[in-house]
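Here is what each chain is made of, one letter per residue.
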Amino acid sequence: MDRVFPFCYPAPTAFYLSAYMASLLVHLVFMQYVLAGSAYLVFGRFLDRPMFGARQRGSESPSDDFQPDVIHETLRDWLPFATSAAITAGVAPLLFLQILYRKSFYTANLLLFHRWMAIVPVLIVGFYLLYLLKTERIRRGPAWKESAIALTALACFGFTAWSWTENHMLSLDAKSWAEVYQRGELMHHTPGAYLRTLGWFLSSFPAMLLLVAWQIHGRRSDIATASRRLTYKLAGLANLMLIFGTTVLLYAILLKPTPAPHESHQGDADAYAWLLASGMIIQLLGWMFQSRLDSLRRNLLLVCTVGQLAVLISIVAVRELGRVARIDMGELSQAHADAFRVAGLPIFIFFLIFNAALVAWCIRVATRGPRPTRP
Amino acid sequence: MPTTNYPINDFGPVMKGLVIGGLGIVHVFLAQFAIGGGMLMCYFQRLASTNRSPNARQLLDGYFKVLVLVSFVVGALTGVGMWFTTIQISPRTIGVMVDQFHWVWAIEWTFFCLEVVAGYAFYRAGPRLGDRDRMTLLVLYTMAAWFSLFWINGILSWQLTPGEWTRTQNVWAGFFNPSFWPSLFYRTITSLTIASLAACIVINAMHDLDLSARRGLLNQAAYLLAPMLFMPALGVWYLRVIPADSRSWVLGGSAAMTMFMTLAIGASLMIGLYAMVGLIRRKLYINGATATLLCALAFGATAGGEFVREGIRKPFTIREHLYSNSIRPTEVARLKKVGCTTDDPYPLRDPERYANDQLRLGAKVFRVQCSVCHTMNGMNGLTHLAGTWTTEQRRLNISRLEHTKPFMPPFAGNAEELEALVQLIEWEKAERPKEWAVSAEPTDEKQEKPKMETVPPWMRDKSPTATQPATGRVDWDALRNQLERDRERLHESMARQLMGEQRRNVILIPTTHSPGAFRLIPTTMPWEDRVTSKLNP
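The rules we used
Residues numbered from 1 in each chain as written. Chains lettered and ligands numbered in written order. Predicted model: local features only at pLDDT ≥ 70, side-chain atom pairs only at ≥ 80, totals over all residues. Heavy atoms only, no water. Helix = DSSP H or I, 4+ residues; strand = E, 2+ residues; numbered from the N terminus. Buried < 20%, exposed > 50% of the residue type's maximum accessible area, 1.4 Å probe, protein only. Contact = heavy atoms within 4.5 Å. Areas by Shrake-Rupley, 256 points an atom, 1.4 Å probe, with all protein chains shown as cover. Axes fitted to C-alpha atoms, helices over the stretch in contact; angles between N-to-C directions. Parallel < 35°, antiparallel > 145°, perpendicular 65-115°, else oblique. Nonpolar A, V, L, I, M, F, W, Y, C, P; charged D, E, K, R; others polar. Polar contact = N/O pair within 3.5 Å; in protein donor to acceptor, adjacent residues only side chain to side chain. Phe/Tyr/Trp six-rings, centres within 6.5 Å; stacked < 30°, edge-to-face > 60°. Lys NZ or Arg CZ within 6 Å of the ring centre and 35° of its normal.

Describing the overall build of chain A
When its secondary structure is counted, chain A shows 14 helices and two strands. Out of the 375 residues in chain A, the part that is buried amounts to 55%. Taking as baseline every contact in chain A between residues at least 6 positions apart, the subset at least 24 positions apart corresponds to 83%. For chain A, the computed accessible surface area is about 17000 Å², with 68% contributed by carbon and sulfur atoms.

Side note on the packing of helix α4 (residues 102–117) of chain A against helix α5 (residues 119–133) of chain A
Residues and elements named next belong to chain A. Closest axis-to-axis distance for the α4/α5 pair is 6 Å, and the angle between their directions is 25°. Taken together, the axes of α4 and α5 are roughly parallel relative to one another. Together, Arg115, Trp116 and Met117 of α4 and Ile119, Val120 and Pro121 of α5 make up the contact between the two elements. In terms of residue class, the contact of α4 with α5 is built from five nonpolar, no polar and one charged.

Points about the environment of Thr404(B)
All names here are of chain B. On the secondary structure map, threonine 404 appears in helix α17 (residues 401–404). Residue threonine 404 is classed as buried on the basis of its relative accessible area, which comes to 16%. On a C-alpha basis, the gap between threonine 404 and glycine 24 in space is 30 Å, while along the polypeptide they are 380 residues apart. Reaching out from threonine 404, the side chain makes a polar contact with the backbone oxygen of asparagine 397 at a distance of 2.7 Å.

Details of the packing of aromatic side chains
Scanning all chains against the criterion turns up 61 aromatic pairs over all chains. Taking the centre distance of 5.4 Å and the plane angle of 65° together, the rings of Tyr181(A) and Tyr346(B) count as edge-to-face. In this pair, Tyr181(A) sits in helix α8 (residues 177–183) while Tyr346(B) sits in the loop between α13 (332–338) and α14 (357–370), so the two residues belong to two different chains. With a relative accessible area of 3%, Tyr181(A) lands in the buried category. Residue class for Tyr346(B) comes out buried when judged on its relative accessible area of 3%. Against the face of Tyr181(A) rests Arg349(B), its NZ or CZ located 4.1 Å from the ring centre.

What to know about the environment of Tyr123(B)
Relative to the elements of secondary structure, Tyr123(B) occurs in helix α3 (residues 91–125). With 59 residues separating them in the primary sequence, Tyr123(B) and Phe64(B) have C-alpha atoms 6.9 Å apart. What Tyr123(B) contacts, discounting residues up to four positions off in sequence, is Tyr131(A), Phe64(B), Lys65(B) and Val68(B).

The structure is reproduced here in structure tokens:
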């Protein structure tokens, strides 16, 4: 038990835990982009700046008088893809979750019943609303209309985030299952669930803003990369939300709403807390230096990315530590060992690498300029 | 080993199978549209790059927008919804599938990622890319989409024909199972058909093209309907490799299965005939309304086919491994002794609704064993199915359920639970009176003593030592022994019956409408397999 979590468990359990946490991390990045991005879109149009000389030109449409906020524009353009990526990336942790904690996950699903399954139609609505925001009619229409649509999309994604948190909390509370079932409750109200959802929401902003910063930086010809105002806005908002969001989320995770009858990993929790603090400091410093510059610098964005990765890894680990303290992992280890013996891992690794290369090729083909067609 | 118990939800008057079936059909239809759509776009991209169709590029860009808006949103999310719904209906089934095939699923996921990235890359960059790059992205998209079908098809076909996996538990033996290839080829052609019909709708929506330009595109899109010619042969191949009993149900053994199969074949036949004669041979123009109607027919055919595929697995969700009510064949003997509700930690949601404890027990038995496919009074309701039976018939038919109806799993509960279920059906049929006598030995001495006439005559006749006629009290141990002896006798008589079957190379299946009557089903299943499957279901 000297090794750090999750490698302190037998190999199969450690393997599936690592695979789950790694895949969850990828999902989280896209999820945070969507959640915080749709929130930003609610106010994005109000952040558009009046264009110089617009009044003298006498343009008829109000949207013609404004220069769009580049963060707002980027988000509106990319949110549908990010949603698709979040859903696709969410399939992998969902798979490993079932191997790791089958009974608790399935039981929470079953107890929440229709309320849980409602996330599917709700996500479909939210997804289509993001496409609606991209239409010319909405882009050129009144700002309140765009905000209302963005707000509805945010409500859809917020509902999904809350449902996942609620499901997670219920899955940890095995003693309440029979009672919850008998009462036929479709909601599992706990103060911790609301606080966690709020924490996830607030802590989504730094990841989203960092990704947007990379996107803007990638468009080298964009005049926005040379805007002091932009770097100041990105850095200020990221740092503010980093402090508030991470604090609320960490507090909610450490609330311990249900007793933890199993082995606690206090040493590991401390280690990840240090990692979290380090990540926060690195990111805060990175953004602070960035805010003093007129353009987005690659090296500083890399520093912020390292900090954000450390924050995300520690949040995922601390969340998982809370779970394993409430679930008998010893009882599950045999099931993990049985699953581990099933054939297919080498073929999966082969296709993971093969398809990752093809994904990279797709991106290269799509990002390079048009090539002349063969005669 | 105790079974894992999960809370079981009541879907009201709607059959659980309809919920998962409805969602599954929409998902399969959209997923096949995405797969066939990729192939169709590669074909049109080829036409565009070789200057054989001046409007192909315009069609491609419009078609891809439809595909992204429909398949990437609803298709992807209904896929996730399928997992959630499957958990709701049968967590044990999805659990076994995940255990056995999680790496296959993970491989499929890598292709799914490629599909999404290639698709969005084409969606965003396609209009400004040259022909070679467009073709590269489309080929990658199509390959990824088809391979996601390849992998998922192995898991789905394994459920009906696990093949050698049953013996060896080898994942690849299960994956490349007997129905894998016919199912894969059939689904590939279905995908092409759906994509081609969807293209006909999209072409009709391209109002900036004149009639002759639209006709040209329609004729080209119709060529992708030609592989439908292979569908009958693939259908026959599929029918030949599925288990004999499953085959017998679609060939007349089960009215519902036969009807849905006929609907699927009929709808496919209509589309196929229209495509071959009208669109390919005579090059007729097909307007938007007709194209939509054909697409609706294709949806109907998909629905019929999927219903049959799910239905012919009965009484299993995973053949020979897990019954549709999530009980394993190996667990039946134990549950017959200890009862199926003994380990169930979940109380009833409305216990006060029932007139006595026996009915409450019956409600729990119904929940565990029946509710996955039946409701009490709604769709496929027990009061409709068993309501006209006499009490004795109910006891006999339910206790030997796998013989009463061959697509039913055996009743896996003890005698007390059987009686409780019988009483529950009777009480429901009588429209839930407030007073209802307990028919068997009450566990609580304060409760009303059972009357002799409520003890089933077949129990009294067959186990004279087990009952005390004066009080009607039942010695459950003796009764259980008697039931075991009955079971052995039944096996002997079945073995004799099978000897006759072997000589005539047929299977005898009891008819459900006239007790005592049998139907003869021709079979090629080896004699030993038949004996094993009947004696050890």
